[in-house]
Amino acid sequence: MATDDFTNYYTDLLDCSYDCVDRFVLNANFGLCYSPGGFRSWWRRLHNGSDAELDNAHLMRMAGRFSRRVRGWAQAHDVPVIDCGREERKHLIAEEHLKKNPCIRGLFLILVGRAVATVWDVKRSSSGVIQNLEAKRPFINHYSFHIMDPDWGHVTIKMAGHPPFGAQILLNGHEYVACQAREAGIPFTKEGNCFTVLPNLADLAKVADTLSEVRTIGRLSQVCERWIYSACLCFALDLEEQERSGFRYQYSIYQVECSRNLIFKLGSQMEQIFQGLIDRTRARLTVKSLKTIFGVKHRPHRDRKGKAPRLEVVVETPAYDLTIFKLHFGKLTLKVYTKGERVLRFEAIVHNTKELRCGRLLERFPQIIARLQQILEQFLNNLYCMDASFLSDETWDQLATPSQVGKTRVGGIDVNKPRTRAVLNAVLSLACSPGGFTTGQLADTVRSTLRATASSYDPRRAAYDLRKLRGKELVSKVPDSRRYAIPQQAVRTIAALVILREKVLRPILAGVGKPKMGTKPTNWSSIDQHYEAVRQDMFTLMEDLRIAA
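The paragraphs below set out a description of the structure included in this document. (Residues numbered from 1 in each chain as written. Predicted model: local features only at pLDDT ≥ 70, side-chain atom pairs only at ≥ 80, totals over all residues. Heavy atoms only, no water.)

All right, on to the pattern of salt bridges then. Going through the model one piece at a time under the given rule, you end up with 21 salt bridges. Close ionic contact of Lys136 with Asp121 constitutes a salt bridge, the shortest N to O distance being 3.7 Å. Residue Lys136 is found in strand E5 (residues 130-136), and its partner Asp121 is found in strand E4 (residues 119-124); the two are separated by 15 residues along the sequence. Using a relative accessible area of 38% as the deciding quantity, one classes Lys136 as partly exposed. Judged by its relative accessible area of 15%, Asp121 falls in the buried class. Here the residues in one salt-bridge network are Asp4, Asp19, Arg260 and Glu377, joined through shared partners. (Salt bridge = Lys/Arg side-chain N within 4 Å of Asp/Glu carboxyl O. Helix = DSSP H or I, 4+ residues; strand = E, 2+ residues; numbered from the N terminus. Buried < 20%, exposed > 50% of the residue type's maximum accessible area, 1.4 Å probe, protein only.)

This is the structure:
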């Protein structure tokens, strides 16, 4: 079960929640072929110790043979081969094909598109001696082999058509969980890429948790070995050529998505909570844009307990409004959006696992997943702290007093200064950064807020402001690094300071001098009503205290 503060806060409104490793991408490469000497050595193995035919013409012929074999096999076995343009979404083509052929098994579709890949350019002298092998990355044909696997569902292997035949394997964790649950007889309803009705949550959660185990390394290796040689590489090198040349792929994790899925009892409650969360935290996290896709249905306003749950797998196009809320930190993305009628999904996505600094080889898969789950929980905890801010009396009274950082005495914090407010806003927007932030990143964020030049607010000034925040325990230093992090309780305090100054004191003081409200706005929210009631009471109080606005 989820242990983050956000999920625990809304637990009474949830039917259930589950975690799942979502989409992940593996790179498959034969390491020997990615150095000039290694590639030449492999070529000699393939050609019985000779590299007399190692030239650009024979490399092109090899790519041409790959293409002819693919198209000839596909024609003989009635498998479609589709040449795709640059703007076409290949996964949508595959999904449409699966809808028309739901019972298909094995290799069912091949899509051809152009992308960048490593190829070798051979330079020979006039006498035919090899002078140089240079690695280049031109646009070449890639073949996407779409496979229906009994254990993993829809698997895609995208392979370059030129040697050294680099490949990527795309898998989906929800597909794997659905296949395993179906085999174990666990009932569920699946809409798109999420589970929406789970009569036996504990059993399905156990299946989903297996994706985080060490045994998943073996399962991933098995599904790759099952298809990549016999259904993909065989068009470039037959089995005898693979054996003779010793061509074997090594696998590494390139991209991974981890998700936490909250299934609400009522879709209307989920929508209200999500939209309120966006309204309250968007400015604090400096989310510059939101993407909304409008649907044709309204979310259900009644519970469906009276109806029997649908126990079959359902795949349909989402018909509800979809708002996507993203935060980017280098090669890491944190994402929140709604799925189907009642599912609110939180995702942590690493676009290149090198960013996590915990290794990329397949054997490091459990450590990668553990780190992503830690990032996801930190994100949810920070969202809760920003949404439920708190400021104690002691904090407000002691904010402006000097403090001590080590042996250094530093000044207090004056929220009335524009620079201090900009720093607080910047720190809040960087709070969700998975690895913390540097003084340079803080300086860049503050400059964008103040629209200042690099000379007027540089990392040296940012370091001074951070020292003052550290004195109030609002910022902590990440051990053995030059980065800073925001403790969870400090996130609540900073959020409260920002809200109090910008959303309470400023609007009330701006309106207290007006005895009457102007024209009532068209969109009149409950917060607007509270502001108007406070404004009238404050105006009366100011008159009684003889304070002229």
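Turning our eyes to something else, we now look at the packing of aromatic side chains. Within the structure shown, the criterion is met by 22 aromatic pairs. Residues Tyr9 and Tyr384 carry aromatic rings whose centres are separated by 5.4 Å and whose planes lie at 50 degrees to one another, so their mutual orientation is tilted. One end of the pair, Tyr9, is in helix H1 (residues 5-9); the other, Tyr384, is in helix H10 (residues 365-387), and 375 residues separate them in sequence. The class of Tyr9 is exposed, set by a relative accessible area of 52%. Classification of Tyr384 by relative accessible area gives buried; the value is 19%. Consider the rings of Phe66 and Phe165, whose centres lie 5.9 Å apart with planes at 70 degrees: the pair is edge-to-face. Taken together, the residues span a long stretch of sequence, with Phe66 in helix H3 (residues 56-76) and Phe165 in the loop between strand E7 (153-160) and strand E8 (167-172) at a distance of 99 residues. For the residue pair Phe66 and Phe165, the accessibility class agrees, reading buried in each case. Above the plane of the ring of Tyr337 lies Lys335, whose end atom (NZ or CZ) is 4.8 Å from the centre. (Phe/Tyr/Trp six-rings, centres within 6.5 Å; stacked < 30°, edge-to-face > 60°. Lys NZ or Arg CZ within 6 Å of the ring centre and 35° of its normal.)

With that settled, consider the environment of His174. Of note, His174 is situated in helix H5 (residues 173-184). Sequence separation between His174 and Asn193 is 19 residues; the distance between their C-alpha atoms is 6.4 Å. If we ignore the near neighbours within four places in the chain, the residues touching His174 are Tyr18, Cys20, Val21, Asp22, Lys190, Asn193, Cys194, Phe195, Ser259, Asn261 and Arg345. (Contact = heavy atoms within 4.5 Å.)

What follows covers helix H4 (residues 90-100). Burial in H4 covers these residues: Ala94, His97 and Leu98. Along H4, the residues classed as buried sweep out an arc of 100 degrees about the axis, all on the same side. (Arc of directions from axis to C-beta.)

This brings us to the packing of helix H2 (residues 36-46) against H3. The axes of two packed helices give the description: the angle between them and the distance between them. Between H2 and H3, the shortest axis-to-axis distance is 14 Å and the interhelical angle comes to 65 degrees. By the criterion of interaxial angle, the relationship of H2 to H3 is roughly perpendicular. As for how H2 packs across H3, the hand of that crossing is left-handed. On H3, the residues touching Phe39, Trp42, Trp43 and Leu46 of H2 are His58, Leu59 and Met62. Broken down by class, the residue content of the contact of H2 with H3 amounts to six nonpolar, one polar and no charged. (Axes fitted to C-alpha atoms, helices over the stretch in contact; angles between N-to-C directions. Parallel < 35°, antiparallel > 145°, perpendicular 65-115°, else oblique. Left-handed = near helix turned anticlockwise from the far one by under 90°. Nonpolar A, V, L, I, M, F, W, Y, C, P; charged D, E, K, R; others polar.)

Most of strand E6 (residues 139-149) is tucked away, with nine of its eleven residues classed as buried. Note: strand E3 (residues 106-116) against E6, ten bridges, orientation antiparallel. The partner of Leu109 across the bridge, within E6, is His146. In this sheet, E7 lies alongside E6 in antiparallel orientation, the contact comprising eight bridges. Across the sheet, residue Tyr143 finds its bridge partner in E7, namely Met159. Hairpin connection, E6 to E7: the antiparallel pair is bridged by three residues. (Pairing = 2+ DSSP bridges.)

Take empty space enclosed by the protein next. All told, the structure shown has four cavities of 30 Å³ or more when counted by the stated rule. Volume-wise, the largest cavity comes out at about 60 Å³. Lining the largest cavity are Ile413, Arg419, Thr420, Val423, Leu424, Asp465, Lys468 and Leu469. Counting residues per element, the lining of the largest cavity draws most heavily on helix H12 (residues 418-429), which supplies four residues. Its residues placed into classes, the lining of the largest cavity shows four nonpolar, one polar and three charged. (1 Å grid on protein atoms, 1.4 Å probe; cavity = no way out; pocket = protein on both sides within 12 Å on 5 of 7 lines; lining within 4 Å. Points joined across faces, edges and corners; volume = space filled by probe spheres on them.)

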